Amino acid sequence: MKRYLFGVDLGGTTVKNGIFTREGDLLHKWEIPTDLREGGANILADIAASLRKTAEEQGLSYEEFGGLGIGIPGTVDREGNVFGCVNLGWGFTRVKEILEHLSGLPVEVGNDADVAAMGELWQGAGKGCRDLVMITLGTGLGGGVISDGHLIRGAHGFGAEVGHMCVCPTETEYCNCGKRGCLEQYCSATGIARQAEKNLLRSGRESSLRQLDSITAKDVFDACKAGDLFAVDQVDRFGRTLAMGMSYIACVTDPEIFVIGGGVSAAGTILTEAVMRHYGDFTYGRQRDVDIVLAQLGNDAGIYGSAGLFMH
């Protein structure tokens with residue numbers, strides 16, 4: 001069995017890369033810029049060249065690499081095809097086929113949120129588990145679902161699009177996906193800020209947030225930690241809404257653990273505590289025993305998870 005694996009996390013600005021042992025040890029990591037010229041036509045060739053070059057620079061035989069995993073910011077089907085990536089300039093792209101030809105290695109392809117979940121399962125907060133759900137709270141709200149050690153991709157690559165579950169059918173504003181009432185509209189970084197601004201206009205309550213020209217999710221959590229009662233209420237509403245959405249997922253997947261990552265998770269345990277306060281109200285039986293924890297791998301989750309695709 002070959003000793004090493006490559007993990008690649010492809011983003012719109014940079015490509016993060018890692019060299020791993022099969023045991024999950026990260027030996028080396030580096031980044032290269034994402035070349036968006038010519039509709040991203042050179043991206044995969046750049047990645048393949050960088051992997052081979054860096055392996056040689058690290059004194060590792062390329063022949064000892066058993067495969068390459070890559071996370072893509074777009075919808076990926078079971079055959080490793082990507083159905084368009086706006087941030088990369090790609091339309092339909094046969095990523096697995098092309099990258100196997102360029103690299104000479106077996107390739108596994110996953111959606112970036114899915115591979116982040118795999119990273120947390122393999123070497124992060126969910127290590128030792130086989131059933132995990134990851135919620136990624138950033139500008140949007142993404143997710144990854146792993147059942148019995150396997151990623152749930154779905155028939156069309158849309159498995160685990162948890163941010164677009166409807167949690168408020170009476171919502172009048174539209175989500176970026178074109179629907180209304182999506183979880184992302186309330187619990188993403190932009191959603192938290194939007195809800196705080198909207199409720200501040202409706203409320204006559206005093207709040208330090210009124211002194212800000214614009215509100216961010218971090219501002220809301222910081223004000224909550226400082227005892228601002230309006231912000232305390234906003235964080236509680238956030239926790240209740242996210243708990244509701246997580247209960248829907250639990251009814252279908254029955255995970256051992258929920259892992260919460262993304263930029264908003266930097267708020268810390270105040271976030272998980274807000275969710276746990278309400279999670280039991282929406283679940284029953286042993287679903288209530290699930291652990292709700294913060295992600296551990298940070299920005300490295302993507303490279304860990306991409307390599308981890310070969311181990312699960």
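Source: prediction; values computed, not measured.

Caption draft 1: Looking closely at the overall build of the protein chain. Assigned secondary structure in the protein chain consists of nine helices and 12 strands. Whereas a compact globule of 312 residues would reach a radius of gyration of roughly 20 Å, the protein chain reaches 20 Å, a difference of no more than 12%. Its C-alpha atoms give the protein chain principal-axis dimensions of about 65 × 45 × 35 Å. The burial tally for the protein chain puts 55% of its 312 residues in the buried class. Here the protein chain contributes 28 positively and 40 negatively charged side chains, and the mean placements of these two sets differ by 3 Å.

Caption draft 2: A look at the packing of aromatic side chains. Summed over the entire model, instances satisfying the criterion amount to nine aromatic pairs. Taken together, a centroid distance of 5.9 Å and an interplanar angle of 70° make the contact between Phe258 and Tyr279 edge-to-face. With a gap of 21 residues between them, Phe258 in strand S11 (residues 257-261) and Tyr279 in helix H8 (residues 269-282) connect regions that are remote in the sequence. Taken individually, Phe258 and Tyr279 each receive the classification buried, so the pair is uniform in this respect. Here the aromatic cluster, defined as three or more aromatic residues joined through ring pairs, consists of Tyr4, Phe6, Tyr62 and Phe65. Sitting above the plane of the Tyr62 ring, Arg52 keeps its charged end 3.9 Å from the centroid.

Caption draft 3: Structural context of the pattern of salt bridges. Counting across every chain of the model gives 13 salt bridges. With its nearest N and O atoms 2.7 Å apart, the salt bridge here joins Asp222 to Lys218. Taken together, the residues Asp222 and Lys218, both in helix H6 (residues 217-225) and four residues apart, mark about one turn of the helix. One network of salt bridges, in which partners are shared, links Glu171, Glu173, Arg194 and Lys198.

Caption draft 4: Examining the environment of Phe65 more closely. As for its placement among the helices and strands, Phe65 is situated in strand S4 (residues 65-72). Phe65 gets classed as buried once you look at its relative accessible area, which sits at 1%. Residues Phe65 and Gly18 lie 47 residues apart in sequence; the distance between their C-alpha atoms is 12 Å. Those residues within four positions of Phe65 in sequence are excluded, and the remaining contacts are Lys2, Tyr4, Leu5, Phe6, Ile19, Ala55, Leu60 and Leu105.

Caption draft 5: Expanded view of helix H9 (residues 301-308). Burial within H9 is extensive, with eight of its eight residues counted as buried. All of the buried residues along H9 are Ala301, Gly302, Ile303, Tyr304, Gly305, Ser306, Ala307 and Gly308. Next to the buried residues of H9 lie strand S1 (4-10), strand S2 (14-21), strand S3 (26-33), S4 and helix H3 (112-123).

Caption draft 6: Structural context of the pairing of S1. In terms of burial, S1 is a largely internal element, seven of the seven residues being buried. Burial along S1 is two-sided: Tyr4, Phe6, Val8 and Leu10 and Leu5, Gly7 and Asp9, pointing in opposite directions, are all buried. Sheet topology note: the S1/S2 ladder contains seven bridges and is antiparallel. Paired with Val8 across the bridge in S2 is Asn17. Count of turn residues in the S1/S2 antiparallel hairpin: three residues. As judged from the six bridges shared by S1 and S4, these two strands associate in the parallel manner. What sits directly across from Phe6, in S4, is Leu68.

Caption draft 7: A look at the nonpolar core. Among the nonpolar cores identified, the biggest contains 43 residues, and Ile135, Leu137, Phe221, Leu242 and Phe258 are the most heavily contacted of them. Contributions of two or more residues to this core are made by strand S8 (132-137), strand S9 (141-147), helix H4 (184-187), helix H5 (189-202), H6, helix H7 (229-253), S11 and H8. Looking at this core element by element, the count peaks at 10 residues for H7. Apart from residues no more than four positions distant in its own chain, Phe221 is found in contact with Ile192, Val235, Phe238, Val264, Ala267, Ile270 and Leu271. Membership of the second largest hydrophobic core comes to 30 residues, among which are Trp30, Leu68, Ile70 and Val82.

Rules of the game
Residues numbered from 1 in each chain as written. Predicted model: local features only at pLDDT ≥ 70, side-chain atom pairs only at ≥ 80, totals over all residues. Heavy atoms only, no water. Helix = DSSP H or I, 4+ residues; strand = E, 2+ residues; numbered from the N terminus. Rg over C-alpha atoms; globule rule 2.2 N^0.38 Å. Buried < 20%, exposed > 50% of the residue type's maximum accessible area, 1.4 Å probe, protein only. Lys, Arg positive; Asp, Glu negative; His and termini not counted. Charge placed at Lys NZ, Arg CZ, Asp CG, Glu CD. Phe/Tyr/Trp six-rings, centres within 6.5 Å; stacked < 30°, edge-to-face > 60°. Lys NZ or Arg CZ within 6 Å of the ring centre and 35° of its normal. Salt bridge = Lys/Arg side-chain N within 4 Å of Asp/Glu carboxyl O. Contact = heavy atoms within 4.5 Å. Pairing = 2+ DSSP bridges. Core = buried A, V, L, I, M, F, W, Y, C linked by side-chain atoms within 4.5 Å.

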